[in-house]
Amino acid sequence: MIKRLIALALLAGLGLLFLGLLLDYRPDTDLNLSARYYAERTAPDIGAANIVTAIVVTYRGLDTLGEVTVLFLSATIVGLVLALGRRREQDPAGLAPVGELLTTGSRLLTPLILLLGAYVFVNGHLTPGGGFQGGAILASGVLLLLLADPLRHFSHGLISAVESLAGVFYVAIGLAGLVWAGGFLDNRILPLGDLGALFSAGAIPAIYSLIGLKVGAEFASMLASLAETQEL
Amino acid sequence: MVDMSLIAMATGFVLILVGLYGALTNRNLLRMIVAFTVADAGVNLVLVSVGYMRGRTAPILDSAVPATEASVRIIDPVPQALVLTAIVIGLGVTALMLAYAYRLYEAKGTLDIAKFSELKW
């Protein structure tokens, strides 16, 4: 009871701070300096229609590489933590059968989900979407497969091959930018093309597709690791 | 009239408080993890609402937002890029917490945080 009161008092203080912030908040009426720079320079310099993508992949590309690395580390640690002393016996008889609807539906939907994921990350420089969203959609296809057949075994070798190859090519494109364009992860190693076309914005579609594959593989490996802990 | 971004921001703050309350008062590890994801969603909502500007549109250039008028037609793209990152990292953190919760359950056979007293003084 005392603990709950202390927690409530703490949260009341925090809530007062938040209330002060909220009451003092005045929305900007103009873009601030850095946002204005991104808004004005994205089209001529980067050639991407989606400014958020231009920031994530090119202006702050190094941070995104770091972010993908953080995600890779967390997927690795999840695999490592869960793999310790894992013993898994194949015993399909112990599981209740999944429904006909789920099995058939997953067969129909999984290819479509994978297609949608690929569409989202290939068009990341034109539409709301991109590598992270597309990768999450790819992994949701894997999740559907796992729901339909909890004992399904995913090849960790294949997943980590996709993951590492995407990572290697991502860094290779970054280094190519260092040699043939303005700096690490500069997208101007390929022609910028017309604003709004699929093949435009230089290397951004390639980089975002690699990020999509990498993120999809990382999420899929987390899901597979978590699914394999299932006790029968 | 109340601004949209204020409603979103207030909701975000409330979600942060709800999530922290849940994390502080629940004894069950799984509930604490769920509470943390609620607080995470609140933080993201607050960040996105900071970038919102009345009467402007999404930061994507097309026929409605020509590149020359971008700086007066779009909302701030920086918080959106930031939140894109935060969501992904939040997911990684959640997966890690779940994996550790599973190992703790295997070790003690319980998810009650009060039973894990090794690091208590």
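Bear in mind that the values here come from a model prediction, so they are computed numbers and not experimental data.

Q: What is the right way to read the overall build of chain B from this model?
A: Helix and strand counts for chain B stand at four helices and zero strands. Counting helices and strands in the order they occur from the N terminus, chain B gives α-α-α-α. Here chain B has a C-alpha radius of gyration of 20 Å; the compact-globule value for 121 residues is 14 Å, and the former is much larger. Taken across its 121 residues, chain B has 40% of its residues classed as buried. Contacts in chain B between residues at least 24 apart in sequence constitute 54% of all its contacts with a sequence separation of at least 6. Surface summary for chain B: the accessible area is close to 6,500 Å², and the carbon and sulfur share equals 70%.

Q: I'm lost on the layout of surface pockets in this one. Help?
A: Regions of empty space are outlined by a rolling probe, equal in size to a water molecule, passed over the atoms. In this structure, the largest pocket occupies an estimated 480 Å³ of space. Surrounding the largest pocket, 16 residues form its lining, Lys3 of chain A together with Leu24, Arg27, Ile113 and Ala114 of chain B being those nearest its centre. Going through the elements one at a time, helix H1 (2-24) of chain A together with helix H1 (4-25) of chain B are the ones with two or more residues in the lining of the largest pocket. Considering each element in turn, the lining of the largest pocket owes the most residues, five residues, to H1 of chain A. Its residues placed into classes, the lining of the largest pocket shows ten nonpolar, one polar and five charged. Within this model, the second largest pocket holds a volume of roughly 330 Å³. If you trace the second largest pocket, you find 16 residues lining it, with Val142, Leu158, Ile159, Ala217 and Ala220 of chain A closest to the centre. Counting residues per element, the ones that place at least two in the lining of the second largest pocket are helix H5 (100-122), helix H6 (131-148), helix H7 (156-180) and helix H8 (204-227) of chain A.

Q: I keep staring at the interface of chain A and chain B and nothing clicks. Help me out?
A: As a measure of interface size, the accessible area lost when the parts come together is often cited. Counting residues at the interface gives 52 residues for chain A, matched by 43 residues for chain B. Approximately 4,100 Å² of surface area, both sides summed, lies buried where chain A meets chain B, with 75% of it carried by carbon and sulfur atoms. In this structure, the connection of chain A to chain B is made through one salt bridge. A salt bridge links Asp30 of chain A to Arg56 of chain B; the shortest N-O distance between them is 3.7 Å. Linking chain A with chain B are six residue pairs in polar contact (both at pLDDT 80 or more), by the criterion used here. Breaking the side of chain A that touches chain B down by element, the ones donating at least two residues are H1, helix H2 (33-46), helix H3 (51-59), helix H4 (61-83), H6 and H8 of chain A. Considering each element in turn, the side of chain A that touches chain B owes the most residues, eleven residues, to H1 of chain A. Its residues assigned to classes, the side of chain A that touches chain B comprises 35 nonpolar, nine polar and eight charged.

Q: Please clarify how H8 of chain A should be interpreted in this entry.
A: Count 3.6 residues to each turn of an α-helix, and residues three or four apart come out pointing the same way. Along its 24 residues, H8 of chain A runs 34 Å from first to last C-alpha, staying within 8% of the 34 Å computed at 1.5 Å per residue. Judged by how many residues are buried, H8 of chain A sits mostly within the fold: 20 of 24 residues are covered.

Q: Looking at this model, I keep getting lost on a nonpolar patch on the surface. Mind explaining?
A: Residue and element names in this part refer to chain A. A contiguous nonpolar patch, built from Val171, Leu175, Leu178, Val179 and Trp180 and spanning about 540 Å² of accessible area, is present on the exposed surface. For Leu175, the location among the structural elements is in helix H7. With relative accessibility at 44%, the residue Leu175 sits in the partly exposed group.

Q: What's the story with the side chain of Thr53 of chain A in this structure? I'm lost.
A: All names here are of chain A. Looking at the element boundaries, Thr53 is found in helix H3. Reaching out from Thr53, the side chain makes a polar contact with the backbone oxygen of Gly124 at a distance of 2.6 Å. Beyond its immediate chain neighbours, meaning those up to four positions away, Thr53 contacts Thr58, Gly124, His125, Gly129, Ile204 and Tyr208.

Q: Just to check I follow, could you spell out the nonpolar core for this structure?
A: Across soluble globular proteins, you tend to see nonpolar side chains buried next to one another. If you look at the biggest cluster of nonpolar residues, it comprises 49 residues, and the most contacted ones within it are Val56, Phe132, Tyr170, Ile207, Tyr208, Ile211 and Phe219 of chain A. Of all elements in the fold, only H2, H3, H4, H6, H7 and H8 of chain A together with helix H4 (77-108) of chain B reach the threshold of two or more residues within this core. A per-element tally of this core places H8 of chain A first, with eight residues. Every residue in contact with Tyr170 of chain A, bar those within four places of it in the chain, is listed here: Gly61, Thr64, Leu65, Val68, Leu185, Ile207, Leu210 and Ile211 of chain A. Counting nine residues, the second largest nonpolar core, distinct from the first, contains Leu146, Ala217, Ala220 and Ala224 of chain A.

Thresholds, definitions, all that
- All residue numbers refer to position in the chain's written sequence, counted from 1.
- Working convention: letters from A go to chains and numbers from 1 go to ligands, in the order in which they are written.
- The predicted nature of this model means local features are confined to residues of pLDDT at least 70 and side-chain atom pairs, given and counted, to a pLDDT of 80 or more, with totals for whole chains, interfaces and linings taken over all residues.
- Computation of side-chain values covers all heavy atoms of the structure but excludes hydrogens and water.
- Think of it this way: any DSSP run of H or I at least four residues long counts as a helix, any run of E at least two long counts as a strand, and we number them from the N terminus.
- What the globule rule says is 2.2 Å times the number of residues to the power 0.38, and the radius of gyration is computed from C-alpha atoms.
- Think of it in three bands: with a 1.4 Å probe and only protein chains considered, a residue is buried below 20% of the maximum accessible area for its type, exposed above 50%, and partly exposed in between.
- In this description, contact between two residues means that some pair of their heavy atoms is separated by no more than 4.5 Å.
- The protein chains shown are the only cover counted for residues, whose accessible areas, like all others here, come from Shrake-Rupley with a 1.4 Å probe.
- Cavities and pockets were defined on a 1 Å grid built from protein atoms only: a cavity is a group of points that admits a 1.4 Å probe but offers it no way out, a pocket is an open group of points flanked by protein on both sides within 12 Å along at least five of seven lines, and a lining residue is one with an atom within 4 Å of any such point.
- Grid points are joined across faces, edges and corners, and a volume is the space filled by probe spheres set on the points.
- As a working rule, the residues Ala, Val, Leu, Ile, Met, Phe, Trp, Tyr, Cys and Pro are called nonpolar, Asp, Glu, Lys and Arg charged, and the rest polar, with Gly in that last group.
- What counts as buried area is the accessible surface, traced by a 1.4 Å probe, that two parts surrender upon association, with contributions from both included.
- Whenever Lys or Arg places a side-chain nitrogen within 4 Å of a carboxyl oxygen from Asp or Glu, that contact is recorded as a salt bridge.
- In the analysis that follows, any N or O atom pair within 3.5 Å is treated as a polar contact, provided that within protein one partner can donate a hydrogen and the other can accept it, and provided that, for residues neighboring in sequence, both atoms belong to side chains.
- Helices are assigned an expected span. That span is 1.5 Å times one less than the residue count.
- Distance thresholds for patches are 9 Å for like charges and 5 Å for nonpolar side chains (Val, Leu, Ile, Met, Phe, Trp, Tyr), applied to residues having over 30% relative accessible area and no salt bridge.
- Among buried residues, those of type Ala, Val, Leu, Ile, Met, Phe, Trp, Tyr and Cys that are joined through side-chain atoms within 4.5 Å constitute a nonpolar core.

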